Amino acid sequence: RRIHASLKKAGMVASEKVIRRLMKEENLAVRCVKQRKYSSYAGEISPEVANIVNRDFHAEAPNTKWLTDITEFSISAGKIYLSPITDCFDGLAVSWSIGTSPSADLVNGMLDEAISLLKENEHPIIHSDRGAHYRWPGWIQRMDAAWLTRSMSKKGCSPDNSACEGFFGRLKNEMFYDRSWKGTSIDEFIAILDDYIRWYNESQIKKSLGWMSPLEYRRSLDLAG
């Protein structure tokens, strides 16, 4: 369906049935590879936070409900970690940080950038899992200073943050799985990953957005800065 929509936007006429047949003839299919999810849970190191989002990943406006998590990439050169914030309004990656360690600096730097993009009257809910990064003083202090509301999944319950998991799954299916990363340096991989997320925001069309990318959708509503 995404290929059909892309061809239609480019002015090329072909039915979905024809596209399915051609893809089958050329053995073109989306691969789905499951890997063990990176876990940052380190015990109950600060008081429990309620699950305010409660699996409702719909938002009526930008910057009202954000999701965050960390995912791991393992290549021959080493491990790389991605920490993004995505917006429930349209799936836009609001900010992200990439590094070789799942440290407090990784998530705090991402949060600082996201906060810098907010208008004075914007104070979104930020939903996360129960990982240590979201329970350390630095994260909590930043949230409180910006008047942001914390929301957390239940322990070990990935469906509570499934929309963010979906972003990771789409990303890995499209740019990571089924490719050989042998000979790719960590710096090269980080650049490729960063380019993909920028492409995702600008060009990755989504059925839920009327076959527009997140930024195209915001521009259509006169919401893009």
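Below is a summary of the structure that appears in this document. No experiment lies behind these values; they were computed from the predicted model shown. (Residues numbered from 1 in each chain as written. Predicted model: local features only at pLDDT ≥ 70, side-chain atom pairs only at ≥ 80, totals over all residues. Heavy atoms only, no water.)

### Some points on unusual backbone geometry
- Unusually for a residue other than glycine, N54 sits at a positive phi of about 55°.
- Mapped onto the elements, N54 comes out in the loop between α2 (16-25) and β1 (65-68).
- The class for N54 is exposed, based on a relative accessible area of 57%.
- One non-glycine residue, R55, adopts positive backbone phi at about 65°.
- Mapped onto the elements, R55 comes out in the loop between α2 and β1.
- For R55, a relative accessible area of 45% translates into the label partly exposed. (Helix = DSSP H or I, 4+ residues; strand = E, 2+ residues; numbered from the N terminus. Buried < 20%, exposed > 50% of the residue type's maximum accessible area, 1.4 Å probe, protein only.)

### With respect to the pattern of salt bridges
- This model, assessed by the stated rule, comprises 8 salt bridges.
- One salt bridge connects K79 with E72, and the closest N-O pair in it is separated by 4.0 Å.
- The salt bridge involving D87 is made with R218; its shortest N-O contact spans 3.1 Å. Taken together, the residues D87 in strand β3 (residues 78-87) and R218 in helix α7 (residues 214-220) connect sequence positions 131 residues apart.
- R218 gets classed as buried once you look at its relative accessible area, which sits at 8%.
- The network of salt bridges with shared partners includes D87, D90 and R218. (Salt bridge = Lys/Arg side-chain N within 4 Å of Asp/Glu carboxyl O.)

### A few points about the packing of helix α5 (residues 162-175) against helix α6 (residues 186-203)
- Axis separation between α5 and α6 bottoms out at 11 Å; the angle between their running directions is 115°. In terms of crossing hand, the pair formed by α5 and α6 is right-handed. Contacts from F167, R170, L171, E174 and M175 in α5 reach F189, I192, L193, Y196, I197, W199 and Y200 in α6.
- Tallied by class, residues from the contact of α5 with α6 come to 10 nonpolar, no polar and 2 charged. (Axes fitted to C-alpha atoms, helices over the stretch in contact; angles between N-to-C directions. Left-handed = near helix turned anticlockwise from the far one by under 90°. Contact = heavy atoms within 4.5 Å. Nonpolar A, V, L, I, M, F, W, Y, C, P; charged D, E, K, R; others polar.)

### Thoughts on α5
- Taking 1.5 Å as the rise per residue, α5 with 14 residues should run 20 Å; its terminal C-alpha atoms sit 20 Å apart, in good agreement.
- All of the buried residues in α5 are C164, F167, F168, L171, K172 and M175. For α5, the arc enclosing every buried residue in end-on projection is 125°, short of the 170-degree limit, so these residues lie on one face. (Expected span 1.5 Å × (residues − 1). Arc of directions from axis to C-beta.)

### Some thoughts on helix α4 (residues 137-145)
- For α4, the full list of buried residues reads G138, W139 and M143. The buried side chains of α4 occupy one side of the element, clustering within an arc of 130° when seen end-on. Every exposed residue of α4 that faces more than 90 degrees away from the buried side is listed here: P137, Q141 and A145.
- Within two residues after α4, W147 carries a phi angle of roughly 60°, on the positive side.

### Overview of the packing of helix α3 (residues 104-116) against α4
- Taken N-terminus to C-terminus, the directions of α3 and α4 make an angle of 10°; their axes are 10 Å apart at the nearest point. In this view, α3 runs roughly parallel relative to α4, as classed from their interaxial angle. Contact residues: α3 offers V107, N108, M110, L111, D112 and I115, while α4 offers G138, W139, R142 and M143.
- For the contact of α3 with α4, the class distribution of residues is 6 nonpolar, 2 polar and 2 charged. (Parallel < 35°, antiparallel > 145°, perpendicular 65-115°, else oblique.)

### Quick notes on the state of the cysteines
- Scanning the entire structure with this criterion turns up 0 disulfides.
- Unpaired in terms of disulfides, C88 finds its nearest cysteine sulfur in C164, a separation of 9.0 Å.
- Take C88: its relative accessible area is 11%, and that puts it in the buried class. (Disulfide = S-S within 2.5 Å.)

### A short note on empty space enclosed by the protein
- Under the definition given, this model contains 1 cavity of 30 Å³ or more.
- Forming the boundary of the largest cavity are I126, S128, Y134, W139, R150, S151 and M152.
- For the lining of the largest cavity, the elements supplying multiple residues, two or more each, are β5 (125-128) and β6 (149-152).
- In terms of residue count, the dominant contributor to the lining of the largest cavity is β6 (3 residues). (1 Å grid on protein atoms, 1.4 Å probe; cavity = no way out; pocket = protein on both sides within 12 Å on 5 of 7 lines; lining within 4 Å. Points joined across faces, edges and corners; volume = space filled by probe spheres on them.)

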